[in-house]
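Breakdown of the fold
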Amino acid sequence: MTAEIMNGSGLAAKLREDLRTELAPFQASPPGLAVVLVGADPASAVYVKHKIRACEEVGIRSIHVSLPATATQEQIAAEIRRLNAARDVHGILVQLPLPSGMDTLAALAEIDPVKDVDGFGALNQGRLVSGLPGFRPCTPAGVMHMLQAGNVPLAGAHAVVLGRSLIVGKPLATLLLAADASVTVCHSRSADIGALTRLADILVVAVGRARMITADMVKPGATVIDVGINRVQQGALAGSLCGDVDFESVRRVAARLTPVPGGVGPMTIAMLLRNTVDAWHRQARGAHRG
Ligand code: NDP
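Conventions used here
Residues numbered from 1 in each chain as written. Predicted model: local features only at pLDDT ≥ 70, side-chain atom pairs only at ≥ 80, totals over all residues. Heavy atoms only, no water. UniProt positions renumbered as here; feature names shortened; annotations may be inferred. Helix = DSSP H or I, 4+ residues; strand = E, 2+ residues; numbered from the N terminus. Buried < 20%, exposed > 50% of the residue type's maximum accessible area, 1.4 Å probe, protein only. Contact = heavy atoms within 4.5 Å. Near = heavy atom within 4 Å. Polar contact = N/O pair within 3.5 Å; in protein donor to acceptor, adjacent residues only side chain to side chain. Areas by Shrake-Rupley, 256 points an atom, 1.4 Å probe, with all protein chains shown as cover. Pairing = 2+ DSSP bridges.

1. Examining the UniProt feature "binding site: NADP(+)" (unreviewed entry) in the chain
- Per the UniProt record, "binding site: NADP(+)" (unreviewed entry) is found at G163, R164, S165 and I229.
- Looking at the element boundaries, R164 is found in the loop between β5 (158-162) and α7 (169-178).
- Classification of R164 as partly exposed rests on a relative accessible area of 42%.
- With sequence-adjacent residues up to four places away left out, R164 is seen in contact with G169, K170, V185, C186, H187 and R189.
- Its location among the elements puts S165 in the loop between β5 and α7.
- When its relative accessible area of 32% is taken as the criterion, S165 is described as partly exposed.
- Ignoring any residue separated from it by four or fewer positions in sequence, one finds S165 in contact with K170 and P171.

2. Notes on the site of the ligand
- In the region of the ligand, 20 residues are neighbours, and R164, S165, S188, I229 and T268 sit closest.
- S165 has a polar side-chain atom sitting 2.6 Å from an oxygen atom of the ligand.
- Note that an oxygen atom of the ligand is positioned 2.5 Å from one of the side-chain N or O atoms of S188.
- Considering the ligand on its own, with 930 Å² of exposed area, one finds that the protein chains cover 71% of that surface.

3. Focus on the UniProt feature "domain: Tetrahydrofolate dehydrogenase/cyclohydrolase NAD(P)-binding" (unreviewed entry) in the chain
- The feature "domain: Tetrahydrofolate dehydrogenase/cyclohydrolase NAD(P)-binding" (unreviewed entry), as given by UniProt, occupies residues 137-283 in the numbering adopted here.
- Measuring from the first to the last C-alpha atom of residues 137-283 gives 19 Å, for a span that is 35% helix and 16% strand.

4. Regarding the sheet that holds strand β1 (residues 4-5)
- Reading across the sheet, the six strands line up as β1-β11-β8-β7-β5-β6 and stay open at both edges, with parallel pairing between neighbours. Strand pairing shows two members of the sheet lacking a second neighbour, β1 and β6 (182-186), which therefore form its edges.
- Pairing geometry for β5 and β6, over five bridges, is parallel. Paired with L162 across the strands is C186, a residue of β6.

Structure, rendered in structure tokens:
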């Protein structure tokens, strides 16, 4: 068997095209997205650049706020409060991770829930768990969109999510559950991970360990979604990106597989743009609670 490669880049390009069409009449008063970067982490700087470029492409105004790594918690909070009050800013995201020593949850809690387009704040996470409308975290939303676009059956399927972070694993498990999958969540303390991953009809891997999932850990015919982004350290491909899944071996047993790059990454950015436009619509309607 050779897996069908799920093309996140193509799907994301279509979503961006739809947004560009939707926003074309509003060039004089476009949605605004503020991206707050604290410190100079090179990977974060690259992600911010990609997000800003994607905004420009569809007609969202981006506001790049850069704070030094030495910024205090209160300075970050003050900046977010300023953006909360700015009428031409409809979405705010704080690029993670923050420099060590910062209280990430406290910073996220400052973002007005109506502008929380990453969906990481407690109110939007709570609305997700409660099954209420709200901003869904972009990577999990992108994964769900890919599964639905690929006509992957979800109801009754056994989904195994590897990773339990606030930004990927946990919200994704909740979304899969809401779509009637049976969900198992694994993490660094799980025993015999291979025995669990081999049960998965849908395996989503978000751990940040290069090529950790090998063919022997995958059920033949499974759908495998690789969220991981890792920089190859050695060998001929040093410096390039790879996922948490060993692409070459797993493509021989899986029915569907996402590539890295070109899979979940572009979908994450497309969902961020969609959330920003939704925030703009809601604020225009005067809907100020989630
Ligand atoms: P975190 O580091 O926050 O979480 C990693 C999770 O993986 C934790 O739950 C951890 O368990 C678990 N884990 C770590 N090592 C193992 C192991 N050996 N076996 C089983 N579980 C393990 O990472 P994120 O969720 O933020 O990101 C995960 C990956 O996804 C990273 O590579 C990141 O770069 C990528 N990413 C990609 C995005 C995209 O757009 N494509 C967006 C966001 C992230 P425990 O909780 O026990 O510590």
